[in-house]
Amino acid sequence: PGYGATDPPKQFWVSLNHKFSHSGTVRLIKSRMPDVSVQDREIAVELAQSNPLLGSSWTGLTILSMFALTIAVAITLSTYSVVSIQMDRMDLTIAGALGFSRMELFLAVALEKILVAILGMGIGSAVGIWLSQWVLNFLDGTIGSTTSVPPTIFTIDNGLITLVYISLILSSSIAILAAAISARRLNAPDILRSG
């Protein structure tokens, strides 16, 4: 009101309840209004799921990248674990000489890695979810600073999140195993002599 005549609407969003057939409704709209362009979101979703490079479903590429990242993180954590064992070799050797069993030494080494993994996953998850929602909030507006229609709906893919946690746990387990093998190979007499 107050701005004169407005243009007639050029787009219509159709939402069906479960009583009506989706494909039948699309065919009916196309037959009754042949000049109208119908964009079927169901076809777009099927295309996105079948070919991620043509659609917006990047699940396949995400799983492939998660596999590559798991290997990279496992190598990095294993290298860090072996280096930290070599730096702490005197402490571990003295603890072994004082009567600590191999299992107790393993648990002491594993406890550090487990605590770092738990804190890293917890803080990383909280910051990642907060940061992604903050950044993706900017997608909910148009160029004219109005709310987009339909609005953006934020979802979290629980399957991919579970895959991320499994890969991080697997990488941490490999690092703990590398640390345990490195600790078992320490030569106590040489370390105590050079200490």
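Keep in mind that what you see is a predicted model, and the values were worked out from it rather than measured. (Residues numbered from 1 in each chain as written. Predicted model: local features only at pLDDT ≥ 70, side-chain atom pairs only at ≥ 80, totals over all residues. Heavy atoms only, no water.)

**Considering the overall build of the protein**
Point 1. Secondary structure summary: the protein contains 7 helices and 0 strands in total.
Point 2. Secondary structure elements of the protein occur, N-terminal to C-terminal, as α-α-α-α-α-α-α.
Point 3. Looking at the protein as a whole, 17% of its 195 residues are labelled buried.
Point 4. Taking all contacts inside the protein whose residues are at least 6 apart in sequence as the whole, residues at least 24 apart take part in 65%.
Point 5. Accessible area of the protein: about 15,300 Å², with a carbon and sulfur share of 67%. (Helix = DSSP H or I, 4+ residues; strand = E, 2+ residues; numbered from the N terminus. Buried < 20%, exposed > 50% of the residue type's maximum accessible area, 1.4 Å probe, protein only. Contact = heavy atoms within 4.5 Å. Areas by Shrake-Rupley, 256 points an atom, 1.4 Å probe, with all protein chains shown as cover.)

**Some details on the layout of surface pockets**
One simple way to see leftover space: roll a probe sized like a water molecule over the atoms.
Point 1. For the largest pocket, the calculated volume is near 760 Å³.
Point 2. Surrounding the largest pocket, 19 residues form its lining, Phe 12, Trp 13, Val 14, Val 38 and Gln 39 being those nearest its centre.
Point 3. The leading source of residues in the lining of the largest pocket is helix H1 (residues 22-32), at 4 residues.
Point 4. Of the residues contributing to the lining of the largest pocket, the split by class is 9 nonpolar, 6 polar and 4 charged.
Point 5. Looking at the second largest pocket, its volume works out to about 630 Å³.
Point 6. Looking at the second largest pocket, it is lined by 21 residues, and the ones nearest its centre are Ser 132, Thr 155, Ile 156, Asp 157 and Ile 161. (1 Å grid on protein atoms, 1.4 Å probe; cavity = no way out; pocket = protein on both sides within 12 Å on 5 of 7 lines; lining within 4 Å. Points joined across faces, edges and corners; volume = space filled by probe spheres on them. Nonpolar A, V, L, I, M, F, W, Y, C, P; charged D, E, K, R; others polar.)

**A closer look at the packing of aromatic side chains**
Point 1. Tallying each qualifying case throughout the model produces 1 aromatic pair.
Point 2. On the basis of an interplanar angle of 5 degrees and a centroid distance of 6.3 Å, the ring pair of Trp 130 and Trp 134 is categorised as stacked. With Trp 130 and Trp 134 both in helix H5 (residues 102-136) and 4 residues apart, this pair spans about one turn of that helix.
Point 3. On the basis of relative accessible area, Trp 130 is assigned to the exposed category, the value being 55%.
Point 4. With relative accessibility at 47%, the residue Trp 134 sits in the partly exposed group. (Phe/Tyr/Trp six-rings, centres within 6.5 Å; stacked < 30°, edge-to-face > 60°.)

**Structural notes on the side chain of Ser 84**
Point 1. By secondary structure assignment, the location of Ser 84 is in helix H3 (residues 59-87).
Point 2. A distance of 2.8 Å separates a polar atom in the side chain of Ser 84 from the backbone oxygen of Ser 81. (Polar contact = N/O pair within 3.5 Å; in protein donor to acceptor, adjacent residues only side chain to side chain.)

**A short note on a nonpolar patch on the surface**
Point 1. Taken together, the side chains of Leu 119, Ile 123, Val 127, Trp 130, Leu 131, Trp 134, Val 135 and Phe 138 present a nonpolar region at the surface, about 880 Å² in accessible area.
Point 2. Following the sequence through the fold, Val 127 ends up in helix H5. (Patch = residues over 30% accessible without salt bridge, like charges linked within 9 Å, V, L, I, M, F, W, Y side chains within 5 Å. Salt bridge = Lys/Arg side-chain N within 4 Å of Asp/Glu carboxyl O.)

**Digging into the environment of Ala 180**
Point 1. Assignment of secondary structure puts Ala 180 in helix H6 (residues 158-184).
Point 2. Judged by relative accessible area, which is 14%, Ala 180 ranks as buried.
Point 3. Distance in space between the C-alpha atoms of Ala 180 and Phe 106 is 6.0 Å, their sequence separation being 74 residues.

**Let's talk about H5**
Point 1. Compared with an ideal rise of 1.5 Å per residue, which puts 35 residues at 51 Å, H5 spans 50 Å between its outermost C-alpha atoms and is within 8% of the ideal.
Point 2. Among all positions of H5, only Leu 105, Val 109, Ala 110, Lys 113, Ala 117 and Met 121 are buried. (Expected span 1.5 Å × (residues − 1).)

**Regarding the packing of H5 against H6**
Point 1. The N-to-C vectors of H5 and H6 enclose an angle of 155 degrees; their axes lie 10 Å apart at closest approach. It follows that H5 is roughly antiparallel to H6 by the angle criterion. Remark: the crossing between H5 and H6 carries right-handed chirality. Only Tyr 165, Leu 168, Ile 169, Ser 172, Ile 176, Ala 179, Ala 180 and Arg 184 of H6 make contact with H5, whose side of the interface consists of Arg 102, Phe 106, Val 109, Ala 110, Lys 113, Ile 114, Ala 117, Met 121 and Ser 125.
Point 2. Of the residues belonging to the contact of H5 with H6, the class tally is 12 nonpolar, 2 polar and 3 charged. (Axes fitted to C-alpha atoms, helices over the stretch in contact; angles between N-to-C directions. Parallel < 35°, antiparallel > 145°, perpendicular 65-115°, else oblique. Left-handed = near helix turned anticlockwise from the far one by under 90°.)

**Topic: the nonpolar core**
Point 1. Counting 8 residues, the largest nonpolar core consists of Ile 85, Leu 92, Ala 95, Leu 105, Val 109, Ala 179, Leu 186 and Ile 191.
Point 2. For this core, the secondary structure elements donating two or more residues are helix H4 (89-97) and H5.
Point 3. Other than its neighbours up to four places away in sequence, Ala 95 contacts Phe 100 and Leu 105. (Core = buried A, V, L, I, M, F, W, Y, C linked by side-chain atoms within 4.5 Å.)

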